[in-house]
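What the coordinates show
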Amino acid sequence: MLSNQSKVGWYVWLLLTGISLALHFLTGELILTGDEVRYLFAGVSIWLSGDLALPSQAWTDWQLGHGLSGNIPSGSGIHSVVHMGILSPLVAFLGLPGGRYASLLFCGFASTYFVVNYQYGKGRDVFVWTLLYLASMPLLAYMSLLYAEIWLASFLFIVMAKLSKKQLSVIEIYLVAALIMAMPFIHIRASLVALLCFVYLLAFASSNPGWLIKHYIVLLASALFSLVLFGAYQKIIAGGLTAAATFSPAFDIFIDRLAVQLFSYRHGLLLYSPIALCGFAGLIVGMVRRDRFVIFLLLCLLLYVVSFVWGTASESYTARFWVFVTPILIAGSIYWWRSSFGILRWLIVLPLVSWTLINTILFEFQSHSFLENRFGSVSWDAIYYYTGKWFHPGLIAITDPFDAPFTSQPEYPSPQNVVYFIFMIVMAMVLVGVGGSLARLSGMSVLLMYLYVGASCVINEYDPALYVKTIQKDDRGNSVVSFNLSNPLCVSGFKVGRYADAPLWGVQKQYPKSFVITAIDYAGNSIGPLVVPGLQLLRIPINDRKLRQINIASHDDQSDSGWAEFDIRLF
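These numbers were taken from a predicted model, which means no experiment stands behind them.

Moving on, we come to the overall build of the protein. For the protein, the count of helices and strands is 22 helices and eight strands. Within the span of the protein, comprising 571 residues, buried residues form 57% of the whole. At a minimum sequence separation of 6, the contacts of the protein that also span at least 24 residues come to 75%.

See the structure below:
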């Protein structure tokens, strides 16, 4: 007979995985993108050839045999592929869906284990917050993809559930140690977090019954062997102990890099999953209250941030790098919820949850829009049209510094990034106040924050009546779009078309590769020409001067592609 706790565990597993499967069946098959190509190739190669380099003809034959195009390029490189060694039989025999849904079921199991065994705030709130995060970005996308981050998150679910308890058996401690030591092999970005988890485990072990000095020796010897093995493995796949990053770590660009991961229109966590604010606030509340386990989780989060902000997620779904530490954000959210009371917490949570679930609904019906945020906030652009052209936080989000090499005046740190950090800090302090002793002051701050967000969304969208749009032709026959402003205004950027005009990386086919901008300011001085990349959402590096006229033209020496006929908005 199953115990009551075991029965609850099975019910929770069925419910969590059932909802997740239902959501993913509604979504349909996601496009094969980014590093998934490498992961798929590695998994098939490991099973069919015993190494990471399957012959090209065998790779083509496998694709055609599993309903794929046959044109997917082979790929190896510096990515960890340990999880694909585990999935290799499934992808080799069942194809891409086999590996993807194995990841989904594994995450469902791990999150269930967390819900049933997590000791901090055990109850319905643990289930609700876990389900809420599973049904939102970024977990919603990555549970059905081959990326390594979902495996790291699943490991962390189990490790956190174990370490949150007061005592563990010797066998359980060894099992937790094995999971921790496996994390860097899944991906090097987990190395610092794994190190801190191992140190915490050593300190935790001394209070457990049956723990002897010889067990310390075994753990330390195992860790040393794991470190040597990881060094050899990393040298094979990457040529060294470190991994390559798009941006070299430097203190002066840290704020901008973190801002990209929190606020950018491509991969900003808080732009697409604002419930994470509750997670950050809960960790701060726990730190203030000197809760040892919550402080440990906060340190894990900080170490991970230091290790991942230097990379770019490129062709991947929103907030990919935050997948690993989502269990920490869930724990923080639970702690905050249980630290706050009354109507104030509902005033905060309901709008944040609504904002988050709007993106969940969009993902189910238009999942590819989240992939294409490299061309602008195309997911929020769709929501903008669906909600009657009123609410569009994507227009006030920062431009991703991933585009910095293509802009004429990159700034470090960007003043707008500083404004967003101030906003996040104030909002986090509001949440902390609600979870602490400053409830009334925090309640007033909540209302002010809502007014601020609403006003930002309104004032950043210019009323079309404020300018007159005309289209002319230049001497090459290409369109020149002119905006004559009825009142001089500072223009920070413009938006060309909408997602439906150019889906699936079709921007280059619809728009010029670059635009040339000229303008006339309030005093009658000419500005430009300025060349900006041909993306849908563009920042103009003259937003500190009031303009009377702004002209947008194609910079390409080619025939007109009709882009000028699309809806073009200034903001």
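Additional details are given in the paragraphs that follow.
Burial within strand β4 (residues 514-521) is extensive, with six of its eight residues counted as buried. Sheet topology note: the β4/strand β7 (residues 546-554) ladder contains seven bridges and is antiparallel. Of the residues in β7, the one forming a bridge with V516 is A553.

Because an α-helix completes one turn every 3.6 residues, residues spaced three or four positions apart along the sequence face the same direction. Judged by how many residues are buried, helix α12 (residues 254-263) sits mostly within the fold: eight of ten residues are covered. Within the sequence span of α12, burial applies to D256, R257, L258, A259, V260, Q261, L262 and F263.

Together, W47, L48, L90, F93 and L94 make up a nonpolar patch on the protein surface, roughly 520 Å² of accessible area in all. When residues of the nonpolar patch are traced back to their parent elements, those giving at least two are α2 (36-49) and α4 (82-94). Among the elements that take part in the nonpolar patch, α4 stands out by supplying three residues, more than any other. On the basis of relative accessibility, which here comes to 32%, the residue L90 falls in the partly exposed class.

A side chain of one charge can pair with a side chain of the opposite charge when the charged atoms of the two come close. According to the stated counting rule, one finds seven salt bridges in the structure shown. We note a salt bridge from R38 to D35, for which the minimum N-O separation is 3.0 Å. The buried category is assigned to D35, whose relative accessible area is 12%. In this structure, R320 engages D35 in a salt bridge whose closest nitrogen and oxygen atoms are separated by 3.1 Å. Separated by 285 residues along the polypeptide, R320 in the loop between α15 (292-308) and α16 (326-339) and D35 in the loop between α1 (4-27) and α2 bring together distant segments of the chain. Like R320, the residue D35 is buried in the burial classification.

A word on unusual backbone geometry. A negative phi angle characterises most non-glycine residues, just as the trans form characterises most peptide bonds. With an omega dihedral of 5 degrees, the bond running from M137 to P138 counts as a cis peptide bond. Mapped onto the elements, P138 comes out in the loop between α6 (124-134) and α7 (139-142). Although it is not a glycine, R290 adopts a positive phi angle of roughly 60 degrees. For R290, the location among the structural elements is in the loop between α14 (276-288) and α15.

What follows covers the packing of aromatic side chains. Going through the model one piece at a time under the given rule, you end up with 29 aromatic pairs. Their ring planes at 40 degrees and their centres at 6.5 Å tell us that F109 and Y113 sit as a pair that is tilted. Taken together, the residues F109 and Y113, both in helix α5 (residues 96-117) and four residues apart, mark about one turn of the helix. Cation over ring: R548 sits above Y522, and NZ or CZ is 5.2 Å from the ring centre.

Glancing now at α2. Over its 14 residues, α2 runs 19 Å from end to end, which matches the ideal 20 Å to within 8%, given 1.5 Å per residue. The set of residues buried in α2 consists of E36, V37, Y39, L40, F41, A42, G43, V44 and S45. Looking at the buried side of α2, the elements it contacts are α3 (56-65), α4 and α5. Following α2 by one or two positions, G50 adopts a phi angle in the positive range, close to 80 degrees.

Secondary-structure assignment places R100 in helix α5. Polar side-chain contacts of R100 include one of 2.7 Å to the side chain of E36. Those residues in contact with R100, other than ones at most four positions away along the chain, are E29, L30, I31, L32, E36, M143, S144, L145 and L146.

Our focus in this paragraph is the side chain of S226. In this structure, S226 sits in helix α11 (residues 213-238). The exposure class of S226 is buried, given its relative accessible area of 13%.

Following both chains from N to C, one finds α14 and α15 inclined at 130 degrees, their axes separated by 8 Å at the closest point. Accordingly, the angle class assigned to the pair α14 and α15 is oblique. The interaxial crossing formed by α14 with α15 has left-handed handedness. Residue-level inspection shows F280, G282, L283, G286 and M287 of α14 in contact with α15, the latter providing V294, I295, L297, L298 and L301. Its residues assigned to classes, the contact of α14 with α15 shows eight nonpolar, two polar and no charged.

Further remarks concern the environment of S111. Note on placement: S111 falls in helix α5. Note on S111: relative accessible area 0%, which makes it buried. Between the C-alpha atom of S111 and that of V12, which follows or precedes it by 99 residues, the distance is 9.3 Å. Polar side-chain contacts of S111 include one of 3.0 Å to the backbone oxygen of G108.

Assignment of secondary structure puts V516 in strand β4. V516 sits in the buried class, given a relative accessible area of 18%. When the C-alpha atoms of V516 and V531 are compared, they prove to be 4.5 Å apart, with 15 residues separating the residues in sequence. For V516, the residues in contact, after removing those within four places along its chain, are P529, L530, V531, N551, I552, A553, S554 and H555.

Let's shift gears to the nonpolar core. Considering soluble globular proteins, one finds that nonpolar side chains tend to be buried as a cluster. Of all hydrophobic cores here, the largest spans 142 residues; its most connected members are W129, Y317 and W322. Sorting elements by how many residues they give to this core places helix α8 (residues 149-163) first, with twelve residues. Among residues more than four places away in sequence, those in contact with W129 are I275, C278, I330, S333, I334, W337 and V349. Core analysis: the second largest hydrophobic core is formed by 20 residues, F494, W563, I568 and L570 among them.

Moving on, we get to the confidence of the model for the protein. Averaged over every residue, the pLDDT of the protein is 76; residues scoring 70 or more account for 73%. Across the protein, α8 holds the top mean pLDDT of 94, while helix α22 (residues 507-510) sits lowest at 51. Predicted confidence is poor over residues 503-508, with pLDDT under 50, and the contacts of this stretch with residues over four places away or in other chains come to 16 contacts.

Reading the values: the criteria
- Residues numbered from 1 in each chain as written.
- Predicted model: local features only at pLDDT ≥ 70, side-chain atom pairs only at ≥ 80, totals over all residues.
- Heavy atoms only, no water.
- Helix = DSSP H or I, 4+ residues; strand = E, 2+ residues; numbered from the N terminus.
- Buried < 20%, exposed > 50% of the residue type's maximum accessible area, 1.4 Å probe, protein only.
- Contact = heavy atoms within 4.5 Å.
- Pairing = 2+ DSSP bridges.
- Patch = residues over 30% accessible without salt bridge, like charges linked within 9 Å, V, L, I, M, F, W, Y side chains within 5 Å.
- Areas by Shrake-Rupley, 256 points an atom, 1.4 Å probe, with all protein chains shown as cover.
- Salt bridge = Lys/Arg side-chain N within 4 Å of Asp/Glu carboxyl O.
- Phe/Tyr/Trp six-rings, centres within 6.5 Å; stacked < 30°, edge-to-face > 60°.
- Lys NZ or Arg CZ within 6 Å of the ring centre and 35° of its normal.
- Expected span 1.5 Å × (residues − 1).
- Polar contact = N/O pair within 3.5 Å; in protein donor to acceptor, adjacent residues only side chain to side chain.
- Axes fitted to C-alpha atoms, helices over the stretch in contact; angles between N-to-C directions.
- Parallel < 35°, antiparallel > 145°, perpendicular 65-115°, else oblique.
- Left-handed = near helix turned anticlockwise from the far one by under 90°.
- Nonpolar A, V, L, I, M, F, W, Y, C, P; charged D, E, K, R; others polar.
- Core = buried A, V, L, I, M, F, W, Y, C linked by side-chain atoms within 4.5 Å.
- pLDDT = per-residue confidence, 0-100.

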